[in-house]
Amino acid sequence: MRKIREVLRLKAEGCSSRQIAAATRSARTTICEYLARAERAGVTWPLPDDLDDEALEERLFPPPSPEQAGTKPVPDWREVNRQVKGKGHVTLRLLWLEWKQDNPTGPGYTQFCCRYKEWLGGQDVVMRLSYRGGEAMFVDFSGDTMEIVDAKTGEVKKAEIFVSVLGCSGYLYVEATRGQDLQSWLMANAHAYAFYGGVSELTIPDNLKSAVTKACYYDPVVNPSYAELADHFGTVVLPTRTARPRDKAAVEAGVLCAERWVLAPLRNRRFFSLAELNEAIWERLDELNNRAFRGEPTSRRELFEELDKPALRPLPATAYEFGEWRQVTVNIDYHVQGPDRKFYSVPYRLVRKKLDLRTTSTTIEIFKSNQRVASHVRERGHRRYVTDPAHMPESHRSHLERTPDRFLDWAATIGPELTELVEKMLDSRPHPEHAYRSCLGLKSLGRSYGDERLRAAAARALKSGAISYSSVKSILKENLDRVPLKEPGDVPAPVEHENVRGAEYYEETGEL
C-alpha cells in the first residue's frame, strides 16, 4: 500500500507511467493497473486522512462479486489435503493436473499450491499448552529399543524404553522394560510415581492396548488394571486422541530428548541384564535432569523442586500390587479358569454367569457387579482344581464328606463290632468308594432298628463270615440278632468203625 500511495502521488505531480515505474522500481504494466484501479474506485491524490491502508486496499481490490466468483472454480481443499496425506504417493502437481482437466478456467499450478498452503495454514493451528505444577504426567514408550544379550546363550533380546515427563517442569523418568505388556506398563507407571515422590492429578497416555481397551474420542475405555492403578494412586487417566501426537507434545519432546541424550550415548555398550541396563540409563538420566536448558540458567531438576514437587499428591500408604483383570464365564461345574490352566470355584448359583476375575501373584478374586463373590490363594502346585466346599450344592458337599475315616468314626460310636465290620467291608473292595453305599445302608439300618440291635447284628455277621449289608439286613429282619451265639466246643474224637480206614491205610497207598 505504501508503493501505491507513492504511485498516486507521482501521477498527481504529472509524472508518466514510465517515470513512475523507474522511480518505484516496478513494472510499467503494474503501474498502469494500479492507476486503472484507482480511476475505477474514484480514488485521487491527496487521499483523505481517514483512509488507512486496509480501507484503501478494500477500495482498490474489492472481493469478486457473486457472478464473478461463480466463474472461478475453487478446489475442495479438504479433499486435496486428504489425498496428499493418504497412501499412493499422490503429489500436488498430479492433483492439479487432474483438477485442471475438469476446470480449465481455474488457477495455474503456482496459484494452486499457494492457495492450498494458505488454506492449510488456517487449518493447522497449534495451541501452546501450559500446565501448572503437579497437574499432568505424560507417559509413553520410545520408538527406540535397547539390546540385552543372554550371557549363557548369546541370544539378543529387545528391551522397550518407558518415558514419563511432568508437564510443568519437564522432569524426566526413563526405564527399560521387558516389553509393552500390561504388567511392564503398569509397573513402569508405578515406578515413575515413586521416582517423583508423588502423584500428578492427571496421567496422560496415548492409546496403546495396555492403557486403553477401546479408543474413542468421546468415551475411551481404560484398561481395568490401569483404572485400578489410577484408583490406588489417586490420579485420573486421560488418554489422548488417536493419531494426535500434539496432544502429548511434552512426552514426545521428552522421548526425543531421552533417545538423544540417554539411549544414544549407550549405543556401543553391551548389557547382559535389564537391571544393568537400567543402572546405566538412570546414570545418564541424572545428568540430563541436572543439565541447564539451552539459553537458560535453570535445569529440569530445579524447576521440579520449585514447581512440581510441592504440588504433587502424596504417595499411597500401601505399595501397589499388580492385578490383571479379565472376564470369565462360570462353567457347569461352578469353576472358572484362572492362570496356568488352574480352575477356581465360585458359588454354584452363578453357573453360566459372566464374572470378573482379578489375578495377583498370591490371590485369585472373582467379582460380580463389583462385589467379590469368591477368593482363593493362587495355586502354584500340581493341583488343577481349587474348590471351596461352601461353594458346592448340598448334595455335592454330602458326597464329598463320604470318606472312609468318616464311616469308621461313625461305626466307633456304636461299638467295636460294627467298626470291625466296616473295616472289612472297605478292605474287601478294590476301591473304598465301592463300599460307600453299603456303609450308608448300615447307617440306615441303625436309624430303623437302633444302635444296639445293629451292634448285635454286626457281631453275628462277623461270626458267620457274612461281611455285607445284605447279611446284616437279613439278620435284623429275621430277628437273629436276638438269638444267643453258641460258643464253639471241643472237637469230638473220630468214630471207630470197621469201615473207617484210618490214616494208616492212606499212608500205605501213598494217597496222603
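Refer to the structure printed above.
S.K.: What is the right way to read the overall build of the chain from this model?
M.R.: A tally of helices and strands in the chain yields 20 helices and 14 strands. Taking all 512 residues of the chain together, 37% fall into the buried category. For the chain, long-range pairs separated by at least 24 residues make up 57% of all intrachain contacts whose partners lie at least 6 apart in sequence.

S.K.: What is the right way to look at the packing of helix α15 (residues 404-412) against helix α16 (residues 416-427) in this model?
M.R.: The relative placement of two packed helices comes down to the angle between their axes together with the axis-to-axis distance. Look at α15 against α16: their axes get within 8 Å of each other, and the N-to-C directions meet at 155 degrees. Taken together, the axes of α15 and α16 lie roughly antiparallel to each other. Seen along the crossing, α15 lies across α16 with a hand that is right-handed. Packed against α15, whose contacting residues are Pro404, Phe407, Leu408, Trp410, Ala411 and Ala412, the element α16 presents Leu418, Thr419, Val422, Glu423 and Leu426 at the interface. Split into classes, the residues belonging to the contact of α15 with α16 amount to 9 nonpolar, 1 polar and 1 charged.

S.K.: Could you clarify how one ought to interpret the pattern of salt bridges in this entry?
M.R.: Side chains bearing opposite charge may pair, as long as their charged atoms lie close to each other. A complete count under the given rule lists 18 salt bridges for this structure. The residue Glu287 makes a salt bridge to Arg284 at a minimum N-O spacing of 3.4 Å. With Glu287 and Arg284 both in helix α12 (residues 274-290) and 3 residues apart, this pair spans about one turn of that helix. The partly exposed category is assigned to Arg284, whose relative accessible area is 22%. Here the residues in one salt-bridge network are Glu228, Arg358, Glu365 and Arg372, joined through shared partners.

S.K.: Looking at this model, I keep getting lost on helix α13 (residues 300-308). Mind explaining?
M.R.: Three- or four-residue spacings in an α-helix give side chains the same orientation, since the helix completes a turn every 3.6 residues. Taken together, the buried positions of α13 are Arg300, Leu303, Phe304 and Asp308. All buried residues of α13 fall inside an arc of 105 degrees around its axis, so they share one side. Where the residues of α13 are buried, they touch β2 (156-166), β3 (172-177), α9 (182-196), α11 (249-263) and α12.

S.K.: How should I be thinking about the side chain of Ser210 in this particular structure?
M.R.: Among the secondary structure elements, Ser210 is positioned in the loop between β4 (202-204) and β5 (212-214). Its relative accessible area of 8% is what places Ser210 among the buried residues. Discounting chain neighbours no more than four positions away, the residues touching Ser210 are Gln180, Asp181, Leu182, Trp185, Asn223 and Tyr226.

S.K.: How do you make sense of the packing of aromatic side chains when you look at a structure like this?
M.R.: One pair of aromatic rings is described through two measures. These are the centre distance and the angle between the planes. Inspection of the entire model under this criterion finds 20 aromatic pairs. Between the aromatic rings of Tyr171 and Phe195, the centroid separation amounts to 5.6 Å while the plane-to-plane angle is 15 degrees, which identifies the pairing as stacked. Of the two residues, Tyr171 is situated in the loop between β2 and β3 and Phe195 in helix α9; the sequence distance between them amounts to 24 residues. Residue classification places Phe195 among the partly exposed positions, given a relative accessible area of 34%. Ring centres of Tyr171 and Phe304 lie 4.3 Å apart, and the angle between their planes is 10 degrees; on these two criteria the pair is classed as stacked. Placement of Tyr171 in the loop between β2 and β3 and of Phe304 in helix α13 is noted, with a sequence separation of 133 residues between them. Assessed through its relative accessible area of 3%, Phe304 is described here as buried. When the ring centre of Tyr109 is taken as reference, the NZ or CZ atom of Arg93 above it lies at 5.1 Å.

S.K.: Please explain a negative patch on the surface as it appears in this structure.
M.R.: Together, Asp49, Asp50, Asp52, Glu54, Glu57 and Glu58 make up a region of like negative charge exposed at the surface. If you trace the backbone, Asp49 turns up in the loop between α3 (28-41) and α4 (53-60).

S.K.: So what exactly am I meant to see when it comes to the environment of Asp481 here?
M.R.: With respect to the helices and strands, Asp481 occurs in the loop between α19 (469-477) and α20 (502-509). Separated by 23 residues in sequence, Asp481 and Ala458 place their C-alpha atoms 8.4 Å apart. Not counting chain neighbours up to four residues away, the residues in contact with Asp481 comprise Arg453, Ala456, Ala457, Arg460, Ile475 and Leu476. A polar side-chain atom of Asp481 sits 2.9 Å from a polar atom in the side chain of Arg453.

S.K.: Sorry, what's going on with the pairing of strand β1 (residues 136-149) here?
M.R.: Successive residues of a regular strand alternate their side chains across the two faces of the sheet. Of all 14 residues that make up β1, 10 are buried, and the element is covered over most of its length. By the bridge criterion, 3 bridges tie β1 to β4 in an arrangement that is parallel. Considered in β4, the bridge of Ala136 is made with Leu202. Hairpin remark: β1 followed by β2, antiparallel, with 6 residues in the connecting loop; positive phi at Gly154, about 80 degrees.

S.K.: How should the sheet that holds strand β9 (residues 335-337) be read in this particular structure?
M.R.: Think of a sheet as strands paired side by side through backbone hydrogen bonds, with each pair either parallel or antiparallel. One open sheet accounts for 3 strands, arranged β9-β10-β14; its pairing is mixed. Among the strands making up the open sheet, the edge pair consists of β9 and β14 (385-386).

S.K.: Looking at this structure, how should I read the sheet that holds β4?
M.R.: Ordered by their spatial adjacency, 5 strands build an open sheet running β3-β2-β1-β4-β7, and the pairing between neighbours is mixed. A strand with exactly one partner marks an edge of an open sheet, and here the two such strands are β3 and β7 (236-237). Bridging between β1 and β2 involves 10 bridges; their strand directions are antiparallel. The residue of β2 that forms the bridge with Val149 is Val156. On the sheet, α11 packs against β1, β2 and β3 and is oriented at approximately 30 degrees with respect to β1.

So, how was this worked out
- Residues numbered from 1 in each chain as written.
- Predicted model: local features only at pLDDT ≥ 70, side-chain atom pairs only at ≥ 80, totals over all residues.
- Heavy atoms only, no water.
- Helix = DSSP H or I, 4+ residues; strand = E, 2+ residues; numbered from the N terminus.
- Buried < 20%, exposed > 50% of the residue type's maximum accessible area, 1.4 Å probe, protein only.
- Contact = heavy atoms within 4.5 Å.
- Axes fitted to C-alpha atoms, helices over the stretch in contact; angles between N-to-C directions.
- Parallel < 35°, antiparallel > 145°, perpendicular 65-115°, else oblique.
- Left-handed = near helix turned anticlockwise from the far one by under 90°.
- Nonpolar A, V, L, I, M, F, W, Y, C, P; charged D, E, K, R; others polar.
- Salt bridge = Lys/Arg side-chain N within 4 Å of Asp/Glu carboxyl O.
- Arc of directions from axis to C-beta.
- Phe/Tyr/Trp six-rings, centres within 6.5 Å; stacked < 30°, edge-to-face > 60°.
- Lys NZ or Arg CZ within 6 Å of the ring centre and 35° of its normal.
- Patch = residues over 30% accessible without salt bridge, like charges linked within 9 Å, V, L, I, M, F, W, Y side chains within 5 Å.
- Areas by Shrake-Rupley, 256 points an atom, 1.4 Å probe, with all protein chains shown as cover.
- Lys, Arg positive; Asp, Glu negative; His and termini not counted.
- Charge placed at Lys NZ, Arg CZ, Asp CG, Glu CD.
- Polar contact = N/O pair within 3.5 Å; in protein donor to acceptor, adjacent residues only side chain to side chain.
- Pairing = 2+ DSSP bridges.

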